[in-house]
Amino acid sequence: MQPPAPLPGNAPEAEFSATRAFAHVREIGREPHAMGTQAHANVRLYLLDQLRALKLEVQVQETTVSHRRGGSVGYVFNLIGRLKGQKPGRAGGPKAGPRKAVLMLAHYDSQPNARGAADDGSSVAAILETARALQKGPALQHDVIFLLTDGEEYGLYGAQAFVRHPWAKDVGFVMNLEARGVRGPSMTFEITSENGWAVDALAHAPYPLASSLMYEIYRILPNSTDFTVFRLAGYSGLNSAYIDGFVHYHKLTDSPQNLDWGTLQHHGSNLLALTRYVGNQSLDQTKAPDKVFFNTIGFHFVQYPLSLNWFFVGFLTVALLITVVLGVRKKVLTVGQSLAGAGLFLLMLVLILALLWPITVGVRHLLPAAFNLRVAENSPFSFAYYINGIYGSDRFLVAYSLLTVGLFGILTRLVLRWIRPFSLLMGVYLLLYVLVMLLAFRAPATTYQFMFPLLFSVLGTLVVLYWNLYQREKTTVHDSVALVAALPTLLLIPLVRLLFVTFDLQLPIVGAMLLFAIALGLLLPVGFGIERALRWRNNPTLALAALGLGLLTTVWAIRAEAPSAEQPIHSQVSYYLDADTRKAYWASSTHPTDHWNEQFFGKPTLSPFTEFYPAGQGQRLPGQRQRLINDATVLPIEAPTAEVLSDSNTATSRTLQIKLRSVRGAAGFELGLVVKDTADLQAVFLNNEPVKGNPMVMPNGQGQLIQVICNGLPLNKEMTLTVKTRPQASLQLLIYDQSMTLPASLVKVPRPADVMYEQGAGSNQTVVRKAYRF
């Protein structure tokens, strides 16, 4: 499905224009702007100027906030604007009560090595353009709060900080915008529980794209967004994003030139329309009984109460029972063969997945080496590689679809040697009926996805049996009925693509092909007619052709992933300096090297890097233990300082207050608090914000290390660390300050166009370590 066409810059003032919004994207996405960096400060100042130019009530929320799961804090600069509505509130007298508000938010920080044009500059731009357009139209009843959060990429810090802000109590409805790619339609993939009111609101968007199933898919991903904070806090609202072009997600190629303007238009058109609708509704009660919702064709949006599920399930049950009885009476199937058909169809699905598994493993190993980030050592038939995204997702989707069609066709011909076609078809229905019943009890909001395709297929078969359309002389009418009955099944195909694009070549793509194979099972009545027409000498011509073409397309898709300036590989390297030992290292979590970063690894070794991170801290990936290490030139880089402000003892505790400072103006700190036993450490605070560190065991019985990360720093690059220990307990502090670039003087070969820095921390960084004892 394609997003709407972007509106030009001369569009009516009260409408959303992607052309106008893109001017903001261009400014935001000039360079990576992770929190704590100078580029981050530049983007913040630009956005602050834009909010003030819109004549909003503007505030900057500067504060320290702990991660909701512990282990770190973030120093954030949230930018907040408020547009007053017509409804009286605080200003209406003591009985008026708080003024309800609609909250829209997006984060303006980027990943360390991503320009952040799409994620999440496009959403910030959509909010700024929406704020402008709202003021060109009729005033809303409610206030609108525009929240540009900081620190989402490192831990949702800005959203957590805002829920402490006084304006958070006024919020009646939340709309978050995100991005996990650079193109594609904007999908509302998450809605809070008791969603009836929110679903009704979504229906008033000009291009709604959502389904009850999307959130179930999202729940299995290891992802969270700013919206997670508001959902857990009990707010009602919507979360929307686009996901095509995942290979650019969190990468340097997340650039303004790669952002699709139609996607930006979709993002903004829906946001503006929803704000105008919600902003004129009562926000006193935004919870209502859950609904089932989904799109049919295009942006046509269907919704109905969840309670109607059992009516449809009951109707399906009756229709299926009648069809089985009629089929038995017509002697085109038997109950025994139908049950066998269910078992054989299940076996077909298992075999298809079993055959696609080694193909996928082989494809992953044949991709350019730097596309694979090894996170665990395992057998050659495991998914031991994390794929950073593939440039040709749709090429691989076509290849896998053809392979699945070929395998399905061949297995179907084999099965039909033992049972009759109607028995196999009825077996498909029975197996899917069991699936529908399981979903009806365990995940009722997702039942529709299989229930309606199955219901229409059953009804189509019922019509064919009742009017004897299966007889040879009635082939044309039979094929027409089968095609009409198959239409709801065709609606599964967009879901297949959604799953495939979401996971690329990760393990769950076999789930996408499983869904496709199920769809092929429901399409058997149509498939029989097509296969019969194309059959040559009684061979499964169509299946064999699809299988061969699928293999050729797979080879083509692999070759098309060859690195180039348009498809750069991912390269990881960082510089580490120990200010105490005066030793420096190049290190990379990926190996082998590529044609650019090999300049840093003339005599590399593989080690867990305990000489720099003694307890294994600094690891960013599960299962990561070995790094590629090489000695580096020692540079005169100023180390971070730790100055004791106070040190006091009582009968129950020792309290140390220490000023931490990055002399060189780094972006953040990583701290290691080393004690003999974790019980020695009673509490840790950063800027008076309590933080629960991550305990790690030091080697050779040297004690325990408590890891605390500080993402982002104040403008003066200072933080106050307060540590409470047992009385007289000794403390060693390892302090690492991190900047988001390599030392330019040591990079002898400039990075070529076909190479970009690997995403995330641990890549393209300079880290300086200093140890202190107290």
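Reading the values: rules and limits
Residues numbered from 1 in each chain as written. Predicted model: local features only at pLDDT ≥ 70, side-chain atom pairs only at ≥ 80, totals over all residues. Heavy atoms only, no water. Helix = DSSP H or I, 4+ residues; strand = E, 2+ residues; numbered from the N terminus. Rg over C-alpha atoms; globule rule 2.2 N^0.38 Å. Buried < 20%, exposed > 50% of the residue type's maximum accessible area, 1.4 Å probe, protein only. Contact = heavy atoms within 4.5 Å. Areas by Shrake-Rupley, 256 points an atom, 1.4 Å probe, with all protein chains shown as cover. Pairing = 2+ DSSP bridges. 1 Å grid on protein atoms, 1.4 Å probe; cavity = no way out; pocket = protein on both sides within 12 Å on 5 of 7 lines; lining within 4 Å. Points joined across faces, edges and corners; volume = space filled by probe spheres on them. Nonpolar A, V, L, I, M, F, W, Y, C, P; charged D, E, K, R; others polar. Right-handed = clockwise from strand over helix to strand, strands pointing away. Lys, Arg positive; Asp, Glu negative; His and termini not counted. Salt bridge = Lys/Arg side-chain N within 4 Å of Asp/Glu carboxyl O. Expected span 1.5 Å × (residues − 1).

S.K.: Which residues make up the overall build of the protein, and what values do they have?
M.R.: Counting secondary structure elements, the protein contains 19 helices and 27 strands. A compact globule built from 774 residues would reach a C-alpha radius of gyration of about 28 Å, and the protein, at 29 Å, matches this within 12%. Each principal axis of the C-alpha distribution contributes one length, and for the protein these read about 95 × 75 × 55 Å. Residue burial in the protein is summarised as follows: out of 774 residues, 58% are buried. Intrachain contacts of the protein at a sequence separation of at least 6 include 80% that bridge at least 24 residues. Surface exposure of the protein reaches about 31,100 Å², of which carbon and sulfur atoms provide 59%.

S.K.: Could you give an account of the sheet that holds strand β20 (residues 681-686), with specific residues and numbers?
M.R.: An order of β17-β18-β24-β20-β21 is seen for the 5 strands of this open sheet, with the pairing classed as antiparallel. A strand with exactly one partner marks an edge of an open sheet, and here the two such strands are β17 (641-649) and β21 (689-690). Relative to strand β24 (residues 718-725), β20 is paired through 5 bridges, and the arrangement is antiparallel. Bridged to Leu 686 within β24 is Leu 721.

S.K.: Got a sec to walk through empty space enclosed by the protein? Specific residues and values, please.
M.R.: Under the defined criterion, the tally for this structure stands at 1 cavity of 30 Å³ or more. Around the largest cavity sit Met 175, Asn 176, Leu 177, Ser 186, Thr 188, Leu 238, Ser 240, His 266, His 267, Asn 270, Leu 271 and Leu 274, which together line it. Those elements that provide at least two residues to the lining of the largest cavity are β5 (171-177), β7 (237-241) and α9 (261-278). With 5 residues, α9 is the single largest residue contributor to the lining of the largest cavity. Taken together, the residues that form the lining of the largest cavity break down as 5 nonpolar, 7 polar and no charged.

S.K.: If you had to explain the pairing of strand β4 (residues 143-149) to someone new, which residues and values would you point to?
M.R.: Counting buried positions over the 7 residues of β4 gives 7, a clear majority of the element. Covered by surrounding structure in β4 are Asp 143, Ile 145, Leu 147 and Thr 149 together with Val 144, Phe 146 and Leu 148, the residues of both alternating faces. Inspection of the sheet shows strand β2 (residues 72-83) paired to β4 by 5 bridges, in the antiparallel sense. Within the sheet, the bridge partner assigned to Leu 79 lies in β4 and is Leu 148. In terms of strand pairing, strand β3 (residues 101-107) meets β4 through 7 bridges, oriented parallel. The partner of Leu 103 across the bridge, within β4, is Ile 145. Remark: the β3/helix α3 (residues 117-134)/β4 crossover connection has right-handed handedness.

S.K.: Run through unusual backbone geometry, naming residues and quoting values.
M.R.: Negative phi characterises most residues that are not glycine, and trans characterises most peptide bonds. The linkage connecting Asp 119 with the following residue, Asp 120, adopts the cis geometry, with an omega of 10 degrees. With respect to the element layout, Asp 120 can be found in helix α3. The backbone of Lys 331 sits at a positive phi, close to 60 degrees, despite the residue not being glycine. With respect to the helices and strands, Lys 331 occurs in the loop between α10 (309-329) and α11 (335-366).

S.K.: Tell me what's going on with the side chain of Asp 254, and back it up with residues and numbers.
M.R.: Looking at where Asp 254 falls in the secondary structure, it is placed in the loop between β7 and α9. At 7.9 Å, Arg 115 is the nearest oppositely charged side chain to Asp 254, a buried residue that forms no salt bridge. Apart from residues no more than four positions distant in its own chain, Asp 254 is found in contact with Arg 115, Gly 116, Ala 117, Ala 118, Asp 119, Val 182 and His 248.

S.K.: How would you sum up helix α14 (residues 448-466)? Please name residues and give values.
M.R.: With 19 residues, α14 extends 26 Å between its outermost C-alpha atoms, agreeing within 8% with the 27 Å of an ideal straight helix rising 1.5 Å per residue. Most of α14 sits out of view: 15 of its 19 residues are buried.

S.K.: Tell me about the pairing of β24, residues and numbers included.
M.R.: Successive residues of a regular strand alternate their side chains across the two faces of the sheet. Note: strand β18 (residues 654-661) against β24, 8 bridges, orientation antiparallel. Its bridge partner lying in β24, Arg 661 is registered against Glu 718.

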